[in-house]
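So you can see what is in the structure, the chains are spelled out below.
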Amino acid sequence: MQKVLLHACCAVCCAYPVRLLRDEGYEPIVYFYNPNIYPKEEYEIRLSELIEYSKKEKFELIIENYTPIDFEEISKGLESEPEKGTRCEKCYFLRLNKTAKKAKELNIQNFTTTLSVSPHKIYQKILKAGEFAAQNHNVKYFAYDFKKRDGFKITQQIARENNMYKQTYCGCKYSIRPKI
Ligand code: SF4
């Protein structure tokens, strides 16, 4: 079975892509590299949910070290950018470039990301970041728009069935919305 390195931002967004890739005959190897997540406690909650889900669904999970400095470097000067703006483009590229590099190291020819499940992200920007990262490391970016064919609805449904933790913000400190 052909492997695909699937970058995952959290368990909720991972649920449907894992199912779809398996249905299409691939073996998803899930890769957790998210230095954007703030604070560390939130990072640990998201990661532990994903570990639980990987055990339940029996997929391999590769966990990268938590290196918030990576995100700090790329977001310098872009702190007040709105969501979907330049900071987010850099954030997608940071994570996808690392995923492409990892795919190359592991001799996995294809990679993709769960980021496209979210209707709050611009698919074309994710695609651009993925394709650029693929070129950098000579691997192939699988251009899945996972929110299509009710992907977002299905992933939310799986999350409810599994009683998963659902975060209230994208991930970085700049995306935390004040409680009203
Ligand atoms: S809002 Fe989300 S995608 Fe944008 S920079 Fe923050 S964590 Fe990254």
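To be clear, the structure that these remarks concern was listed above.
Figured I'd write up the structure that's included with this text. Fair warning: this is a prediction, and the values are worked out from it, not measured in the lab. (Residues numbered from 1 in each chain as written. Predicted model: local features only at pLDDT ≥ 70, side-chain atom pairs only at ≥ 80, totals over all residues.)

## Examining the overall build of the chain
- Broken down by element type, the chain carries 6 helices and 5 strands.
- Across the chain, helices and strands are ordered from the amino to the carboxyl terminus as β-α-β-α-β-α-α-β-α-β-α.
- The C-alpha radius of gyration of the chain comes to 15 Å, within 12% of the 16 Å expected for a compact globule of 180 residues.
- The dimensions of the chain, computed from C-alpha atoms along their principal axes, are 45 × 40 × 30 Å.
- By residue count, 39% of the 180 residues in the chain fall in the buried class.
- Across the chain, contacts joining residues at least 24 apart in sequence account for 75% of those joining residues at least 6 apart. (Helix = DSSP H or I, 4+ residues; strand = E, 2+ residues; numbered from the N terminus. Rg over C-alpha atoms; globule rule 2.2 N^0.38 Å. Buried ≥ 20, exposed ≤ 12 C-beta atoms within 10 Å, placed from the backbone. Contact = placed C-beta atoms within 7 Å.)

## Some points on the site of the ligand
- In the region of the ligand, the neighbouring residues are Asn-36, Glu-83, Arg-87, Cys-88, Cys-91, Cys-170, Gly-171, Cys-172, Tyr-174 and Ser-175.
- A class-by-class count of the residues in the shell around the ligand yields 5 nonpolar, 3 polar and 2 charged. (Near = placed C-beta within 6 Å. Nonpolar A, V, L, I, M, F, W, Y, C, P; charged D, E, K, R; others polar.)

## As for the packing of helix H4 (residues 86-106) against helix H5 (residues 123-137)
- Between H4 and H5, the least distance of the axes is 8 Å, while the angle of their chain directions is 35°. Between H4 and H5 lies a crossing whose hand is right-handed. Along the contact surface, H4 presents Glu-89, Tyr-92, Phe-93, Leu-96, Asn-97, Thr-99, Ala-100, Lys-101, Ala-103 and Lys-104, while H5 presents Lys-125, Ile-126, Ala-129, Gly-130, Phe-132, Ala-133, Ala-134, Asn-136 and His-137.
- Residues of the contact of H4 with H5, tallied by class, amount to 10 nonpolar, 5 polar and 4 charged. (Axes fitted to C-alpha atoms, helices over the stretch in contact; angles between N-to-C directions. Left-handed = near helix turned anticlockwise from the far one by under 90°.)

## Here we look at the pairing of strand S1 (residues 2-7)
- Note that S1 and strand S2 (residues 26-32) share 6 bridges and pair parallel. Bridged to Val-4 within S2 is Pro-28.
- Since S1 and S2 lie parallel, the crossover through helix H1 (residues 11-23) that links them has a hand, and here it is right-handed.
- Relative to strand S4 (residues 110-113), S1 is paired through 4 bridges, and the arrangement is parallel. Bridge pairing links His-7 to Thr-113 in S4. (Pairing = 2+ DSSP bridges. Right-handed = clockwise from strand over helix to strand, strands pointing away.)

## Regarding the packing of helix H3 (residues 68-75) against H4
- Two elements in contact, H3 and H4, have axes whose closest approach is 9 Å; the angle formed by their N-to-C orientations is 140°. It follows that H3 is oblique to H4 by the angle criterion. Crossing hand, H3 versus H4: right-handed. Two secondary-structure elements touch here, H3 through Asp-70, Phe-71, Ile-74 and Ser-75 and H4 through Arg-87, Lys-90, Cys-91 and Leu-94. (Parallel < 35°, antiparallel > 145°, perpendicular 65-115°, else oblique.)

## Structural notes on the sheet that holds S1
- Taking strand neighbours across the sheet as the criterion, the 5 strands line up as S3-S2-S1-S4-S5 in an open arrangement whose pairing is parallel. Single-partner strands in this sheet number two, and they are strand S3 (61-63) and strand S5 (140-141).
- Two elements, S4 and S5, share 2 bridges in a ladder whose sense is parallel. Across the sheet, Asn-110 pairs through a bridge with Lys-140, a residue of S5.

## Section: the nonpolar core
- Core analysis: the largest hydrophobic core is formed by 44 residues, its most contacted members being Leu-6, Ala-8, Cys-10, Ala-11, Cys-14, Ala-15 and Phe-111.
- Those elements that provide at least two residues to this core are S1, H1, S2, helix H2 (40-57), H4 and H5.
- Looking at this core, the element that brings in the most residues is H1, giving 8 residues.
- With near-sequence residues (within four places) excluded, Ala-15 lies in contact with Tyr-53, Thr-155, Ile-158 and Ala-159. (Core = buried A, V, L, I, M, F, W, Y, C linked by C-beta atoms within 7 Å.)

## Some thoughts on the environment of Leu-94
- Mapping Leu-94 onto the fold places it in helix H4.
- When the C-alpha atoms of Leu-94 and Leu-21 are compared, they prove to be 23 Å apart, with 73 residues separating the residues in sequence.
- In this structure Leu-94 touches Asp-70, Phe-71 and Ile-74, once residues within four positions along its chain are discounted.

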